Amino acid sequence: ASLLETAMAAAARPARRGGQASGSDQATPQSRCDVYLQLAEVYLALDRRKDAKRLAREAAAEFAGGPEEGRMSLATARLELKSGNVEKAIQMLCGISSASPQFLAAQKDLALLYLNHRGDRHKYAQCHLELVKANPSAASYVMLGEAYMHISEPREALAAFEQALQADPSNSALSSRIGKVLVTTLQYARAVEYYEGAVQRDPSQSRLRHELAELCLRLKKHDRAESELLELLAQLGDGAADLGDATQRVEALRLLAKVHQERGGADEAINELLKASEAQQGVLARVRVDAPDLTGEQGRVAADVACQLGELYEVKHNGESAIASHEAALRHCSGHERSSLALARLRMLRGELESAEVLCVSLLRVDPGHQDAVMALADVMQQRSEWGAAVDHLRSHLETRHADFRSIAKLLQVLRRAGRLEEADAFLNRAERSSPHAAQHAGFRLCKGLLTLYRNNPRSALQFLNLARNDAEWGPDAAQAMIEIYLDPDRETNWDELELASSPQPSDAVRACERLLRELPRSQRQQVLDCYTLMAYRTQTHLEKAASMLLELLGADRECVPAMVCLSQCYLMLKQAPKARNHLKRVAKMPFVAELAEDFERGWLMLADVYIASGKYDLAEELCRRCLASNNACAKAWEFLGVVKEKEMSYLDAATHYEQAWKHGSEASAEVGHKLSFNYLKAKKFVEAIDVCHKVLRQYPDYTRIRHEVLERARESVRL
């Protein structure tokens, strides 16, 4: 009581000006109400809920029937809510009449209580309808529309926004909101008509014209989008006096660049972005003087423009300009993620691994869980062949993120290349235990498919990958892996020995690849896989068509390693070995890139096979060693080393290499088993030869060649 009396006395104390009282010594009802409310808040903060409720009852009795009654009722309801008494709060809010000045605030609170505590979407909307009935203004209709959008009722929201626009026809923000709602409800034709009408009624509405151009671009109406943007830019002028017009001009130039880019006009897109960059520099100069608080925001816009420009330079294979643009983006905004990652990737391509590592570490210092930075840093370590460091880095990341399947997939790749695939099960088991539904996650199924594939079990891998195929995020990766399995499950390299088919009838595997290719987005990789699929027909016509497509692809990007390797295989199948060798030599001279490790490995092995066939064993061995430096578990590289040593009649060394090929191939290849056992026989290791023969014959009982050529001879040698 003494605390209340002290507070009331303070409220009653007159304000003074120059030492004279400026009012009565009696507190006004409003000031007394303020004291009650603030004191009740203090009681709640001190967890003295009984005192707070007692004070609220006293206040309700004192202000009943007065002008502060509604305000006191609203505050008391909020106190009840803070005390956890939701139903009492709802009851009190319902008691505030529409004539009260607190009706608006009461209905807003009541709507949130219905939605958040009762989950009653109908009552939530009804509260906003009551507001419209009490005050049918544009603001009330806007609140009603936003309420409908909040509960995912866009059609009702559209009607409310249209009512608001009727009440306030000059409100351009409302026109924009209606257009966006029409797009949300997929009424694209109506949205275009609406924007067109709005722009015709008031051509000065630059924002609406910009949104119309965005919608046209989304609908692939590139000519219309370009027309609207050119008209908008002409309307804004080169030297816009207003800061808003200047920023709008930058946005329009960026969108126009996107239009050109989607139409394949990279040069035109670059020109527009250069204009946007220059215009944004002007905006930055103005905000530094006129609105310093906007400097950070406009700096990020400048960084986005520079990053967009850098990405286009990458498409044009202009590495120097791309690096300069991304560095400019980082000068504008030191934490710009897209440019940091792009610059790290470009530095990696140039072999500047320390610079790439610094960029990745900087991103991880800000966000230790940044997935793209984690992957990029793993690629840097992989490119250095620092397998242990890469494994430790990914393991550390996964310690607190057990179900980060993208990182698990990268870890599986690293473990495979490090020859430590036996460690992989622990990570997948932990991911599976992390959630009751983890085993059904498409990412988990993709990882299981990759693991079984790496263990040389393509049939089981296809089953897991097929389960992930229909997922929006993981489906493309799963489909690509499936295509590669169907096309070449045994990772062949002796394509020059292949006999072409006389009939163009595709196999079931080729038909499956064609179906899967339709599920992949158009990309350079998809085009290369399309060529591999054509080559799988194994007819002269299809091979020549694939070669033509690959040459066209290399005309656009002459450094495309996947296309060069694919074209080399195509030439080998066409019995044009010199052409294939020339392309493969180019691949062998290019700097290794971790992202394209599989393609480099395939190219090196193909060239090694060519060198072995021509008796150039030293060159073949060097390529195999290079392959093993990037993938210590490459069974084919170990096999080729065995072939080289066997031809040099160093049978013990050959057996050692074949043993590694047999191990990393999961002891699943009858041919490798035969070579291993034969070289054991030649090296007079008869027991080991017999053991391998038994393993092969258990899996392939009909493989009688190994029985006659190795097993029987080894048994005879043991008896002697």
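Residues numbered from 1 in each chain as written. Predicted model: local features only at pLDDT ≥ 70, side-chain atom pairs only at ≥ 80, totals over all residues. Heavy atoms only, no water.

> So, helix α30 (residues 561-573): which residues are in play, and what are the values?
For α30, which comprises 13 residues, the first-to-last C-alpha distance of 19 Å matches the rise-based estimate of 18 Å (1.5 Å per residue) to within 8%. Of all the 13 residues making up α30, 13 are buried; the element is thus mostly covered by neighbouring parts of the structure. (Helix = DSSP H or I, 4+ residues; strand = E, 2+ residues; numbered from the N terminus. Expected span 1.5 Å × (residues − 1). Buried < 20%, exposed > 50% of the residue type's maximum accessible area, 1.4 Å probe, protein only.)

> Hey, could you go over the side chain of Gln308 for me, with residue numbers and the actual values?
Relative to the elements of secondary structure, Gln308 occurs in helix α16 (residues 295-315). For Gln308, a relative accessible area of 13% gives the class buried.

> Any details on the environment of Arg511? Residues and values, ideally.
Among the secondary structure elements, Arg511 is positioned in helix α27 (residues 508-517). Sequence separation between Arg511 and Tyr537 is 26 residues; the distance between their C-alpha atoms is 10.0 Å. If we skip the residues at most four places from it in the chain, Arg511 touches Gln505 and Pro506. (Contact = heavy atoms within 4.5 Å.)

> Got a sec to walk through the packing of helix α20 (residues 371-383) against helix α22 (residues 405-418)? Specific residues and values, please.
To describe two helices that pack against each other, one gives the angle between their axes and the distance between the axes. As a packed pair, α20 and α22 sit with axes 10 Å apart at the nearest point and diverge in direction by 10°. One element, α20, and the other, α22, form an angle in the roughly parallel class. Here Gln371, Val374, Met375, Ala378, Asp379 and Gln382 of α20 lie close against α22, whose contacting residues are Arg406, Ser407, Lys410, Gln413, Val414 and Arg417. Residue composition of the contact of α20 with α22, by class: 4 nonpolar, 4 polar and 4 charged. (Axes fitted to C-alpha atoms, helices over the stretch in contact; angles between N-to-C directions. Parallel < 35°, antiparallel > 145°, perpendicular 65-115°, else oblique. Nonpolar A, V, L, I, M, F, W, Y, C, P; charged D, E, K, R; others polar.)

> Provide a residue-level description of the packing of aromatic side chains, including the pertinent values.
Under the definition given, this model contains 4 aromatic pairs. Each ring, one from Phe592 and one from Phe600, has its centre 5.6 Å from the other, and the planes form 65°; the classification is edge-to-face. Note on Phe600 and Trp604: the rings are 5.8 Å apart at their centroids and 45° apart in plane angle, and the pair reads as tilted. Residue Phe600 and its partner Trp604 are both found in helix α32 (residues 597-613); the two are separated by 4 residues, about one turn of the helix. Each residue in the set Phe592, Phe600 and Trp604 is aromatic and connected to the rest through ring pairs, giving one cluster. Residue placement shows Arg406 over the ring face of Trp474; its charged tip is 4.0 Å from the ring centre. (Phe/Tyr/Trp six-rings, centres within 6.5 Å; stacked < 30°, edge-to-face > 60°. Lys NZ or Arg CZ within 6 Å of the ring centre and 35° of its normal.)

> Lay out the pattern of salt bridges in plain terms, naming residues and giving numbers.
Inspection of every chain in the model, using the stated rule, returns 43 salt bridges. Put simply, Glu251 and Arg207 hold a salt bridge, and the shortest N to O gap is 2.8 Å. Taken together, the residues Glu251 in helix α14 (residues 243-262) and Arg207 in helix α12 (residues 206-218) connect sequence positions 44 residues apart. The class for Arg207 is partly exposed, based on a relative accessible area of 31%. (Salt bridge = Lys/Arg side-chain N within 4 Å of Asp/Glu carboxyl O.)

> Before we move on, could you go through the environment of Pro136 and cite the residues and values that matter?
Tracing the chain through its elements places Pro136 in the loop between α7 (121-134) and α8 (138-150). Remark: the alpha-carbon pair of Pro136 and Ala167, spanning 31 residues in sequence, is separated by 8.9 Å.

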